[in-house]
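# Examining the three-dimensional arrangement
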Amino acid sequence: MPDVPLGILDLVPISSGSTAADALRNSIDLAQRAEQLGYARYWFAEHHLNPGVAGTSPAVVLALTAAATSRIRLGSGAVQLGHRTALNTVEEFGLIDALHPGRLDLGVGRSGGRPPAQPAAEPPVAGHAPNGLVIPPRFSFERLLGSPRIALQRKLLLLPGAESQDYAEQIDDLLALLAGTYRTPEGVEAHVVPGEGAEVEVWILGSSGGTSAEVAGARGLRFAANYHVSPATVLEAVDGYRSFFQPSDVLDKPYVSVSADVVVAEDEATARELATGYGPWVRSIRTAEGAIEFPTPDEARAHPWTEADQELVQDRLDTQFVGSPAQVADRLEQLQEATEADELLITTITHDHTDRVRSYELLAAEWRRRGHSFQPS
């Protein structure tokens, strides 16, 4: 098996009985431990109006974490360009890069703007990749897109009357501002200080083989696919990206990272106990009520649960990797083989911070025991 680095994706989760301040301190502590353990990257996601998630602004959390670490690459997974401009994104990351040069990954996504066009309905297709990787039925996000809470989020994130810029144009503007080549059609230049010339590694995140995969591939950028968010479409996402890929000054061949939800403990029974809260937590997201504070196992077992709830989250439960270090490493290698990923991005949520740190410690030791380096190529 090829050498595959591991990175970490952090949502800055808030556990029941704790606060956003606790979550932020825990995330900074985990980033410091990840640096010591040799993880390749530490990324922060962007989410809004979630009672159980404190990662609302990746740039702010990245600045705090950069000051508390010294070597590990730090990034966004992803900045939601749907309610931002290319300029303020480059300015934010340029400010951090000015004090922490060469350590930033600017991962961007389409979320937060106009709802994406929905493809024609397809019958659910469940099964496995040729190597046995679970590929569950497609989950329909139509209910989420029609939710009043999603409409409220869009209203609060966008200025009145504002419309999101075309995504491909926005990426081109971002790249031009970083490179110092931005020109209007009339020839007016724009130079971002700090930001222009920043040593920032640009990634495009996507869950399907559509616009994001095309934008990343056509511009020769790195691409991150989301098995942990949309496991049903991970293969089409990476295949789409590779089919669109054109060599660039950045890459001469496609480069892919794939994410996975993971909980590791000394044995499978303990890991499954720690992961008990995952079902109710995913349910809260998929009903658009917003991610709840991550419950204890006892709180999760006491949560009212229906067959409809189970159906709503089954694809995520089936594709969460839970078990001993060897069991989880086996499934990560299976994911890598099916997607031919160059890197894997791990996200772990448990109620207790100590258990989350221990999960990453156990996985790092097992991954290293199998001969994997943690440094990206």
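Residue indices begin from 1 for each chain and proceed along its sequence in written order. For this predicted model, a pLDDT threshold of at least 70 governs which residues receive local features, and a threshold of 80 or more governs which side-chain atom pairs are given and counted, while totals over whole chains, interfaces and linings are taken from all residues. Side-chain numbers come from the whole structure's heavy atoms, not from hydrogens or water.

## What to know about the confidence of the model for the chain
Per-residue confidence from the predictor is reported as pLDDT, a score between 0 and 100. In the predicted model, the chain carries a mean pLDDT of 94, and the fraction of residues at 70 or more is 95%. Contacts are assigned to residue pairs with any non-hydrogen atoms lying within 4.5 Å of each other. Residue range residues 113-125 is modelled with pLDDT below 50. Its contacts to residues more than four positions away, or to other chains, number 17 contacts.

## Looking at helix H12 (residues 307-318)
A helix here means a DSSP run of H or I that spans at least four residues, while a strand means a run of E at least two residues long, and both kinds are numbered starting from the N terminus. By definition here, a helix of n residues has an expected span of 1.5 Å times n minus one. With twelve residues, H12 should reach 16 Å at 1.5 Å per residue; the first-to-last C-alpha distance of 16 Å fits that figure. Any residue under 20% of the maximum accessible area for its type is buried, any over 50% is exposed, and the rest in between are partly exposed; the area is computed with a 1.4 Å probe on protein chains only. Within H12, burial applies to Asp309, Leu312, Val313, Asp315 and Arg316. Projected down its long axis, H12 carries its buried residues within an arc of 145 degrees, all on one side. With respect to the buried face of H12, the exposed residues turned more than 90 degrees away are Glu307 and Glu311. Contact partners of the buried residues in H12: helix H4 (142-145), strand E10 (256-264) and helix H10 (278-286). The arc refers to the directions leading from the helix axis to the C-beta atoms.

## A look at the pairing of E10
Within E10, nine of the nine residues are buried, which leaves the element mostly enclosed by the surrounding structure. Side chains Val256, Val258, Ala260, Val262 and Val264 project from E10 onto one buried face, and the interleaved Ser257, Ser259, Asp261 and Val263 project onto a second face that is buried too. Strand pairing is defined by DSSP finding a minimum of two bridges between the two strands. Across four bridges, the pairing between strand E9 (residues 222-226) and E10 is parallel. Bridging from a neighbouring strand, Asn226 pairs with Ser259 of E10. Direction of pairing for E10 relative to strand E12 (residues 343-347): parallel, over a ladder of five bridges. Along E12, the bridge assignment pairs Val258 with Leu344. In the sheet, E10 pairs with strand E11 (residues 321-323) via three bridges, with the strands oriented parallel. For Val264, the partnering residue across the bridge sits in E11 and is Gly323.

## Observations regarding the nonpolar core
Core analysis: the largest hydrophobic core is formed by 94 residues, its most contacted members being Tyr39, Val258, Leu332 and Leu344. Ranked by residue count, the leading element in this core is helix H14 (residues 353-369), at six residues. Not counting the four nearest positions on each side in its chain, Val258 is found in contact with Ala225, Tyr227, Val234, Val238, Leu335, Thr339, Ala341, Glu343, Leu344 and Leu345. Core analysis: the next-biggest nonpolar cluster, separate from the first, contains six residues, Ala265, Ala271, Leu274 and Ala275 among them. As used here, the term nonpolar core means buried Ala, Val, Leu, Ile, Met, Phe, Trp, Tyr and Cys residues forming a set that is joined through side-chain atoms within 4.5 Å.

## Concerning the environment of Asn88
Residue placement: Asn88 occurs in helix H3 (residues 86-99). Linking Asn88 and Val192, residues 104 residues apart in sequence, is a C-alpha distance of 9.5 Å.

## Here we look at the pattern of salt bridges
The rule for a salt bridge is simple: a side-chain nitrogen of Lys or Arg has to be within 4 Å of a carboxyl oxygen of Asp or Glu. Under the defined criterion, the tally for this structure stands at 27 salt bridges. Arg283 serves as the salt-bridge partner of Glu289, at 3.1 Å between the closest nitrogen and oxygen. You can call Glu289 partly exposed: its relative accessible area is 35%. Its relative accessible area of 18% is what places Arg283 among the buried residues. The shortest N-O distance in the salt bridge between Arg358 and Glu361 comes to 3.4 Å. In this pair, Arg358 and Glu361 are both assigned in helix H14, three residues apart and thus about one turn of the helix distant. It is possible to trace a salt-bridge network through shared partners that takes in Arg41, Arg73, Asp105, Glu201, Arg222 and Glu343.

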